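# Close look at the chain arrangement
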Amino acid sequence: MNSTGTTFDDDFDPFEAFRTTYRDQCRRLGRFNLAVFGKTGAGKSSLVNAMFGSTVAETGIGRPVTLGTTYYEHPSGVFGMFDCVGFETGESGDEILRSLKREIDKTRALPLDEQMHVAWYVIRWSDRRFEDSQADFVRELRGMGLPVVLVLSQVPLTAAGTVHPDAESLAEFIRDQVGDVIEGGYPVFTNAIADPHMGQQPHGLFELLECTFRAAPEGVRSALHAAQRIDLQRKRDDCMGIVAAGVMAAGAIGAVPIPFSDAALLIPAQVTMMATISSRYALPVDPGTVASLAGAAALAGFASMAGRLLANIAKLIPGIGSVVGGAINATIAGTLTAGIGLAWMAVCEHLVELTPAEIESLLGDRSGLRKMFMDAFNAQVRSGLKGIPGVSGLAA
Ligand SMILES: Nc1nc2c(ncn2[C@@H]2O[C@H](COP(=O)(O)OP(=O)(O)OP(=O)(O)O)[C@@H](O)[C@H]2O)c(=O)[nH]1
Ligand SMILES: [Mg+2]
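Residues numbered from 1 in each chain as written. Chains lettered and ligands numbered in written order. Predicted model: local features only at pLDDT ≥ 70, side-chain atom pairs only at ≥ 80, totals over all residues. Heavy atoms only, no water.

Before going further, it helps to examine the environment of E349. Within the secondary structure, E349 is located in helix 14 (residues 330–351). Spatially, the C-alpha atom of E349 lies 7.5 Å from that of Y281, the residues being 68 residues apart in sequence. Look past the residues within four positions of E349 in its chain and what remains in contact with it is L232, R236 and Y281. (Helix = DSSP H or I, 4+ residues; strand = E, 2+ residues; numbered from the N terminus. Contact = heavy atoms within 4.5 Å.)

Quick look at the structure:
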């Protein structure tokens, strides 16, 4: 029992609640499974790394699936990749193709999350050719019910932003060969890695994501959006809805004003919000580590931290402390919760750019994460918590 007479569960463990909710949310998102085909050196891994982060093939423990195919799983569980070698030229004989067919038939009978959803067929543009055997293979894939995105890789752009005429000719040739079976009817031009020496920047990744998204079954699109790291705005939009839901939940608790010292009552709703946001960023580390990150940034000593955050709100929004006379009402509860949600989004956006090793190293000095979170919180409150219904316009 606390000072308001409300029962608060003392056994509530924010870490455990975070971990459980995070796992649950990732599971709810489901899993997007991509199959990647292409000659060795075509740039398959580079494209997957650029789109989904470097973890999948590098540190993921590959599980041999069938001849020439290894399956890698993202630590969040929302993404899986079939890395397929040896099929691409069509010269490998029927045996390897038959085994792939068997595999696809087998997975089709499994739940959606375990099926292959989309294939990327990657061709390095500078190979300057698309052989009959490759066209046959693309047709075979489509015939097996797999949508195929044809990707031209390592394509340089001119200063004017146009692709090399030879790449365009190759794309037209490919369209004439297999335009009727590939997604969008035309190859996607990409460059996955910046090459400062040649003045080349990555490009085409957004288009590749869009094309992949259109090809993916409806039921795995949320997972694809969580897994990808090209369209961060999409994640932001998603997370704004999650923060708004957290604000509503906190506002309901604050509907009957509670003393500042009872900020702990809001914690379960805030932990749920943070864990749900985290799932949309699919950080490349295991769920326990994601919980530790949230712990270091905010959850450890959350109750006392909430007190500090409230004090900051009072400082940053002059007048609000006196208005409420030291009690948390729905507005204060919403402001606090929105600030926490937006700050955690900012931290996640930073983390998603890092490698797993860099993320782990942040846990060495936890005060760094805490500071990052606090700074983001203050910045959000100062700028008026834009975009969150019910709390916007609070800033002076
Ligand atoms: N500049 C530039 N280099 C690239 C790009 N994609 C791949 N490379 C380089 O090409 C080489 C091969 O790329 P990978 O992504 O490993 O090719 P892969 O298709 O996965 O090859 P295997 O795993 O051997 O089948 C690497 O040295 C990459 O750095 C690109 O888009 N731009
Ligand atoms: Mg590779």
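Let us keep going from here.
Its location among the elements puts N191 in the loop between strand 7 (188–189) and helix 7 (205–215). Here I193 takes part through its backbone oxygen, which lies 2.9 Å from a polar atom of the side chain of N191. In this view, N191 contacts Q154, V155, Q200, Q201, P202, H203 and L205; residues no more than four positions away in its chain are not counted. (Polar contact = N/O pair within 3.5 Å; in protein donor to acceptor, adjacent residues only side chain to side chain.)

Counting buried positions along strand 4 (residues 79–84) gives 6 out of 6 residues, so the element sits mostly inside the fold. The side-chain alternation of strand 4 yields two buried faces, one formed by F79, M81 and D83 and the other by G80, F82 and C84. Bridge analysis of strand 1 (residues 32–38) against strand 4 gives 5 bridges, and the strand direction is parallel. In the sheet register, L34 faces strand 4, and the bridge partner there is M81. Where strand 3 (residues 69–73) and strand 4 come together, 5 bridges link them in antiparallel fashion. Within strand 4, the residue paired with E73 across the bridge is G80. (Buried < 20%, exposed > 50% of the residue type's maximum accessible area, 1.4 Å probe, protein only. Pairing = 2+ DSSP bridges.)

Now for the site of ligand 1. Taken together, K39, T40, G41, A42, G43, K44, S45, S46, Q154, N191, A192 and I193 are the residues near ligand 1. At 2.8 Å from an oxygen atom of ligand 1 is found a side-chain nitrogen or oxygen belonging to S45. Expressed as a share of its isolated accessible area of 650 Å², the protein-covered part of ligand 1 is 65%. (Near = heavy atom within 4 Å. Areas by Shrake-Rupley, 256 points an atom, 1.4 Å probe, with all protein chains shown as cover.)

A word on the nonpolar core. Among the nonpolar cores identified, the biggest contains 98 residues, and F18, F32, F52, W120, I277, W344 and F373 are the most heavily contacted of them. Lining this core are residues from two domains, each supplying at least three of them: domain 1 (14–25 + 231–382) and domain 2 (31–227). Residues in contact with F52, not counting those within four places in the same chain, are F32, L34, H74, F79, W120, L224, A227, Q228 and R229. (Core = buried A, V, L, I, M, F, W, Y, C linked by side-chain atoms within 4.5 Å. Domains from an automatic or database assignment.)

For the rest of this paragraph, the subject is the packing of aromatic side chains. Scanning the model with the defined rule gives 9 aromatic pairs in all. Ring geometry for Y121 and F137: centres 5.9 Å apart, planes at 45°, overall tilted. Placement of Y121 in strand 5 (residues 118–124) and of F137 in helix 5 (residues 132–143) is noted, with a sequence separation of 16 residues between them. For the pair formed by Y121 and F137, the shared burial category is buried. An aromatic cluster of three or more residues is present, and its members are F32, F52, F79 and W120. Its guanidinium or amino end placed over the ring of F213, R221 lies 4.9 Å from that ring's centre, counting from NZ or CZ. (Phe/Tyr/Trp six-rings, centres within 6.5 Å; stacked < 30°, edge-to-face > 60°. Lys NZ or Arg CZ within 6 Å of the ring centre and 35° of its normal.)

On to the pattern of salt bridges. On inspection of all chains with the given rule, the structure shows 16 salt bridges. We note a salt bridge from D127 to R124, for which the minimum N-O separation is 3.4 Å. For D127, a relative accessible area of 25% gives the class partly exposed. Judged by relative accessible area, which is 26%, R124 ranks as partly exposed. Bridged by salt links that share partners, the residues K39, R129 and E131 form one connected network. (Salt bridge = Lys/Arg side-chain N within 4 Å of Asp/Glu carboxyl O.)

The next thing to look at is the pairing of strand 6 (residues 148–153). Buried residues dominate strand 6, accounting for 6 of its 6 residues. Residues V148, L150 and L152 line one face of strand 6 and the alternating positions V149, V151 and S153 line the opposite face, and both faces are buried. Sheet topology note: the strand 5/strand 6 ladder contains 6 bridges and is parallel. Residue pairing in the sheet places V122 in a bridge with V151 of strand 6. Viewed along the sheet, the connection from strand 5 through helix 5 into strand 6 turns out right-handed. Between the parallel elements strand 6 and strand 7, the chain passes through helix 6 (residues 165–178) in a crossover that is right-handed. (Right-handed = clockwise from strand over helix to strand, strands pointing away.)

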